Amino acid sequence: MSTINNPGLSVLQEIEPLLPTNTANIKDRIVSGIYQQAESISAQVVKSKNSQYTGLEARLDNILTSRWLGFPIMLLLLTLILWITITGANYPSQLLATGLFWLEEQLTALFLAVNAPAWLTGLLIQGMYRSLAWVVSVMLPPMAIFFPLFTLLEDLGYLPRVAFNMDKLFCRAGAHGKQCLTMCMGFGCNAAGVISCRIIDSPRERLIAILTNTFSICNGRFPTLIALSTIFMGTLVSQAYSSVLATLAVVAIIMTGIATTLLVSSLLSRTLLRGIPSFFVLELPPFRRPQLGQILIRSLLDRTLFVLWRAVVIAAPAGALTWILANSFLGETTVFALIVGWLNPLGQLMGMDGVILIAFLLGLPANEIVLPILIMGYISAGSMLELDSLNALRILLLDHGWTWITALCVMLFSLLHFPCGTTLYTIFKETRSARWTLLSALLPLGLGIVVTLLINQGTQIIMR
Amino acid sequence: MTINTTPLSESTKNNPDKQNNFVIALAGNPNVGKSTVFNRLTGLKQHTGNWPGKTVIKAEGTFSHRNRHYTLVDLPGTYSLHTSSSDEEVARDFICFSRPDITLVVCDATCLERNLNLVLQILEITSRVVVCVNLLDEAERKGIQVDIAMLARQLGIPAVGTAARSGRGLESLINVLDDMLAGKVAIRPRQLVYDPELERSINKIEKRLAPYLPTWINSRWVALRVLERDFSILEHISNHKNNDFPRQVLKEEVALCLP
C-alpha cells in the first residue's frame, strides 16, 4: 500500500481516521460480496444439463498432462511435426531450386546480351539473386509445412497443456511456469518471444525468461538446421532411415535448447537473479475444433510469407555485402579471405572454420541468412558450381572439408550464439538496460564457444 | 470499411471528426475469444492462438457502422481488476482514465459465473457497459443454456449472445453498440451491495471524497479503493483531474487514423 506524500491529497488526512485498520479482512469481504452476487445472477441465467468438464475432454486432459505419458506425447508430437516437415520439404525444395537457378542462367544470359559490366553482373546475380534464390528454395518449403502444423497445435489448445507439464521443471529452475509459453512463442520468433515475456509479472522471472528465450530455435534457424541435418545426419545411415535420423537430430538440438533454457534459468536464479518463483493460476482452455482454412491461410500469410519477406529483405543486401567483401582486394587477397584468415584458427578449434564464423557474424541482422552467406562465402572463395539441389550443397560443403562433426558444431552453434539484431533490439526495449542486453548476447555466445570446443576436441580424441 | 455518404447533421458539421468517433474498450477474462471478436469486428485478421496471456499489448483497430466510426481497443485478458498484475492495471486504468465510450465485456458462456465477477467490477467503474456472451456454440455443445435476456435484466445493461468464431450474433452486437451510443438504450446498471457495515464505511468515505473528485469518476468506486487502502488511485486521479488528457489524446489519435 502506498503512503501519502502528495500535498494535493490533504483530503486523505481527513479520511484516514475513518478507515478500518484490518485491510485484509476488508478486501476479503469486498471480494466475497462480488462473488456472491455473480453466483446469484449466474444461478438465474445459466441452465446446465450436465456438469461442464466431463467426458472426453477430461479424459484427454488426464492423458495429455499425465505424469508418465505427458512428456513422451510431447516428444512424439514434436518429432512427428518435424518428420513431416523434413520428408515433405525435400521434393518442393529441389523443384524450387531448379526453377530459380534456371532463371539465374537466363538472367546471366540477359546481362551478357546487354553488355553489362562484370562487377554489376557479379553484384546483382552472384551476390543478390543467388542468396535470394537460396533463401527461398531452402526456407520456403519447410516453413510452409512447419508453420501450419505448429499453428494447428496452438489452435487445438495444446500449448497450455505443455506449459502445465513443464511447470514443475521451470519451478525447480527457480523460474516462472509461464516461461514455458514464452519459450514456445520463441520457437516462432525470438523477438516475439521476448515481447510475450510481458505475461510474466515478476521482474526477476521476466528477466530470466527474456535472457533464455534465444535458446528456443526460431523460424530463422529451423531451415538451416533442417537442411544441414538432412544433408549430413541423414546420410549417415541408409536411405530408408535417413529422414528419421535427420528428424531425430533436429529434435535432439531442440531438446538441448530446452535443457539449456532450464539450466541457464536455474543458474541465473541462483546467482544474478536470486529469488523464489511466484505462484500463478494457469487455466487449461477447452480443446477447440481448429479452423483449418483459417490456419492454413493465416499461418501461410502471417508467418511464412512474413519470415520469408524478412529474410529476403535482409538477405539481398547481405548477399551484396558478402560479394563486395569477397571481390574487393587488399593487396593480394580479398577482404573476405583476410577476415576468414583471422577467424579461421578460432573456427578450427570449435570444429568449424572462418567462413562459418563470418557467416554467423554477418548473419546478425537475421539468422535466416547464415546459410546463404556461408554458401556465398564458399562459392566466391573459388570453385563456382551450379547449386541446384541439396545434393549440390552437400558436395560444396564436403569440398570445403565438412564432416558430420562440422555439421553438428554448426547446428549447436546455431542454437548457442547471440540472438539476431531484431531480438537484441527488442530485449533492449523490454529491459531498458544495455547491460542486460549485452549479457543476453554474451551468455549464449560463451556457452556456444565452450560447447562446440568441447564437442570438437572430445570427438577428435575419441576418433583418434 | 464503409464510407460516410449521408449528409452531416448540424452538430457534426461543426466538429466532424470528434462527434462521430467512438472508443470501445474490449475487456474480458483470458481465452474467451476476445481477440476473435476484435478481429471479426475490425477485419484485422491476425491468427489468434488458443492460450491465455496471448494479448500482451493493447491492440487497436477501427471499423465503421451506420455513420459512426469506432476504435476498438483490445485490453489484456484479466480475471479481475484488483491491480495485482500489470495486465489488470492496464485494463483498469484504461477503463477508468481513458474513459472509453463503451466498455464491451466479452464473457465465456461455458463458465459465465467466473466471468460475471469481472463484469460486476467493471460496472462499479462505469455504467457504459455492454456484455457479450461469447462461445455460445461451445456452451450448446456442452448442454449449457444461457438466458441472455435474463442476464441483461439482472445486470441492467445490454447483453448480446455471440459465437464469434462463426460470426454469429456479431451483427446484433454492433447494432446494440450503435443503439447505446444513440441513447436509445435505457441502462439501470446493477450496483454491487456489500454487507451493511462495509456499506456504512463506503458511504462515509464517499461523502467526504466526492467534493474533491472530478465528476467523471464514480466516487463510490474510489471510496471502495480507498477503503482497501489503495491510495495510488487518488494520485492517479489528481494527475488527471485538471486536464482531460488521455481522452483528448485518444480522440485525436483516432481522428488521425480516419480517412
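Just so you know, these numbers come straight off a predicted model, no measurement behind them. (Residues numbered from 1 in each chain as written. Chains lettered and ligands numbered in written order. Predicted model: local features only at pLDDT ≥ 70, side-chain atom pairs only at ≥ 80, totals over all residues. Heavy atoms only, no water.)

1. Description of the overall build of chain B
To be explicit about the condition: Only DSSP runs of H or I covering at least 4 residues are called helices, and only runs of E covering at least 2 are called strands; the numbering of each starts at the N terminus. Residue contacts follow a heavy-atom distance rule, with two residues in contact if any of their heavy atoms lie within 4.5 Å. The accessible surface values rely on the Shrake-Rupley method and a 1.4 Å probe; as for residues, cover is taken only from the protein chains in view.
Looking only at helices and strands, one finds 12 helices and 7 strands in chain B. When contacts within chain B are restricted to residue pairs at least 6 apart in sequence, long-range pairs at least 24 apart make up 67% of them. Counting every atom, chain B has about 10,800 Å² of accessible surface; 49% of that belongs to carbon and sulfur.

2. A look at the packing of aromatic side chains
All names here are of chain B. Inclusion rule: Centres within 6.5 Å are what make two rings of Phe, Tyr or Trp a pair, Trp counting through its six-membered ring; a difference in plane orientation under 30 degrees is then read as stacked, over 60 as edge-to-face, and the rest as tilted. For the exposure calls, accessible area comes from a 1.4 Å probe over protein chains only, and a residue counts as buried if that area is under 20% of its type's maximum, exposed if over 50%, partly exposed in between.
Under the defined criterion, the tally for this structure stands at 5 aromatic pairs over all chains. Residues phenylalanine 22 and tyrosine 70 carry aromatic rings whose centres are separated by 6.4 Å and whose planes lie at 45° to one another, so their mutual orientation is tilted. Separated by 48 residues along the polypeptide, phenylalanine 22 in strand S1 (residues 21–28) and tyrosine 70 in strand S3 (residues 68–74) bring together distant segments of the chain. By relative accessible area, tyrosine 70 is classed as buried at 1%. Three or more aromatic residues link up through ring pairs in this structure, and these residues are Phe22, Phe63 and Tyr70.

3. Focus on the environment of phenylalanine 187 of chain A
Residues and elements named next belong to chain A. By the secondary structure assignment, phenylalanine 187 is in helix H7 (residues 179–188). Residue phenylalanine 187 is classed as buried on the basis of its relative accessible area, which comes to 10%. Considering only alpha carbons, one finds phenylalanine 187 and phenylalanine 150, 37 residues apart in sequence, at a separation of 9.6 Å. If we ignore the near neighbours within four places in the chain, the residues touching phenylalanine 187 are Phe150, Ser216, Ile217, Cys218, Asn219, Phe222, Ile254 and Ile258.

4. Focus: helix H8 (residues 170–181) of chain B
All names here are of chain B. For clarity, the threshold we go by: For a helix, the expected span equals 1.5 Å multiplied by the number of residues minus one.
End to end, H8 covers 17 Å across 12 residues, agreeing with the expected 16 Å (1.5 Å per residue, within 8%). All of the buried residues in H8 are Leu170, Leu173, Ile174, Val176, Leu177, Asp178, Met180 and Leu181. Of the residues one or two after H8, glycine 183 is the one with positive phi, at around 75°.

5. Considering helix H13 (residues 335–349) of chain A
Residues spaced three or four apart along an α-helix face the same direction, because each turn holds 3.6 residues. All names here are of chain A. The terminal C-alpha atoms of H13 lie 22 Å apart, and with 15 residues this matches the ideal 21 Å at 1.5 Å per residue to within 8%. Listed in full, the buried residues belonging to H13 are Val335, Phe336, Val340, Leu343 and Gly347. Following H13 by one or two positions, glycine 351 adopts a phi angle in the positive range, close to 80°.

6. Observations concerning the pairing of S3 of chain B
Residues in a regular strand point their side chains to alternate faces of the sheet. All names here are of chain B. Our working definition: Two strands make a pair as long as DSSP finds a minimum of two bridges between them.
With respect to burial, S3 is a largely interior element, 7 of its 7 residues being buried. Of the two faces of S3, both are covered, the one formed by Arg68, Tyr70, Leu72 and Asp74 as well as the one formed by His69, Thr71 and Val73. Bridging between S1 and S3 involves 6 bridges; their strand directions are parallel. Considered in S3, the bridge of asparagine 21 is made with histidine 69.

7. Remarks on the pattern of salt bridges
Residue and element names in this part refer to chain B. Put simply, the rule reads: Salt bridge, as used here: a side-chain nitrogen of Lys or Arg that lies within 4 Å of a carboxyl oxygen of Asp or Glu.
Scanning the model with the defined rule gives 13 salt bridges over all chains in all. Residues arginine 168 and glutamate 140 are paired through a salt bridge, measuring 2.9 Å at the closest nitrogen-oxygen approach. Linking arginine 168 in the loop between strand S7 (159–161) and H8 with glutamate 140 in helix H6 (residues 136–141), this pair joins segments that are 28 residues apart in sequence. Judged by its relative accessible area of 36%, arginine 168 falls in the partly exposed class. Its salt-bridge partner being arginine 220, residue glutamate 199 comes within 3.0 Å of it at the nearest N-O pair. Here the residue glutamate 199 occupies a position in helix H9 (residues 196–209), and arginine 220 occupies one in helix H10 (residues 219–227), the gap between them amounting to 21 residues. Like arginine 220, glutamate 199 is buried. Because the salt bridges share partners, they merge into one network encompassing Arg66, Arg68, Asp178, Asp179 and Lys184.

8. Some remarks on unusual backbone geometry
Positive phi, close to 60°, is recorded for asparagine 115 of chain A, a residue that is not glycine. Take asparagine 115 of chain A: it is sitting in the loop between helix H4 (70–113) and helix H5 (118–156). Among the residues examined, asparagine 115 of chain A registers a relative accessible area of 67% and is labelled exposed. Notably, asparagine 67 of chain B is not glycine yet its phi reads approximately 80°, a positive angle.

9. Here we look at the side chain of threonine 261 of chain A
All names here are of chain A. One can find threonine 261 in helix H11 (residues 239–270). Accessibility expressed as a relative area gives 1% for threonine 261, which makes it buried. Leave out the neighbours within four places in its chain, and threonine 261 touches Phe170, Gln179, Met183, Thr212 and Phe215.

10. Some points on the sheet that holds strand S2 (residues 59–65) of chain B
All names here are of chain B. Rule in force here: Note on definitions: angles span 0 to 180 degrees between N-to-C directions of axes, and those axes are lines fitted to C-alpha atoms, for helices only across the stretch in contact.
One open sheet holds the 6 strands; their spatial order is S2-S3-S1-S4-S5-S7, and the pairing between them is mixed. This sheet does not close on itself; its edge strands, each paired only once, are S2 and S7. Between one strand axis and the next, the sheet turns through 25° on average, direction left out of account. Alignment of strand S5 (residues 129–134) against S7, held across 3 bridges, turns out to be parallel. Within S7, the position partnered with cysteine 132 by the bridge is valine 160.

11. Remarks on the pairing of S2 of chain B
All names here are of chain B. Both S2 and S3 contribute to a ladder of 7 bridges, which runs antiparallel. Directly across from alanine 59, in S3, lies its bridge partner aspartate 74. The turn joining S2 and S3, which pair antiparallel and follow one another in sequence, is formed by 2 residues; a positive phi near 40° is taken by arginine 66.

12. Remarks on the packing of H4 of chain A against helix H6 (residues 158–172) of chain A
Residue and element names in this part refer to chain A. Which entries qualify depends on this criterion: Should an angle fall under 35 degrees it is taken as roughly parallel, and over 145 as roughly antiparallel, whereas 65 to 115 is taken as roughly perpendicular and any remaining angle as oblique. A clockwise turn of the near helix away from the far one marks a right-handed crossing, whereas an anticlockwise turn of less than a right angle marks a left-handed crossing. Each residue gets one of three labels, nonpolar for Ala, Val, Leu, Ile, Met, Phe, Trp, Tyr, Cys and Pro, charged for Asp, Glu, Lys and Arg, and polar for the others, Gly among them.
Two numbers describe how H4 lies on H6: the axes approach to 11 Å, and their chain directions differ by 130°. One element, H4, and the other, H6, form an angle in the oblique class. Between H4 and H6 the crossing geometry is left-handed. Residues Gly70, Phe71, Ile73, Met74 and Leu77 of H4 touch H6, and the partners they reach there are Tyr158, Val162, Asn165, Met166 and Leu169. The class makeup of the residues in the contact of H4 with H6 is 8 nonpolar, 2 polar and no charged.

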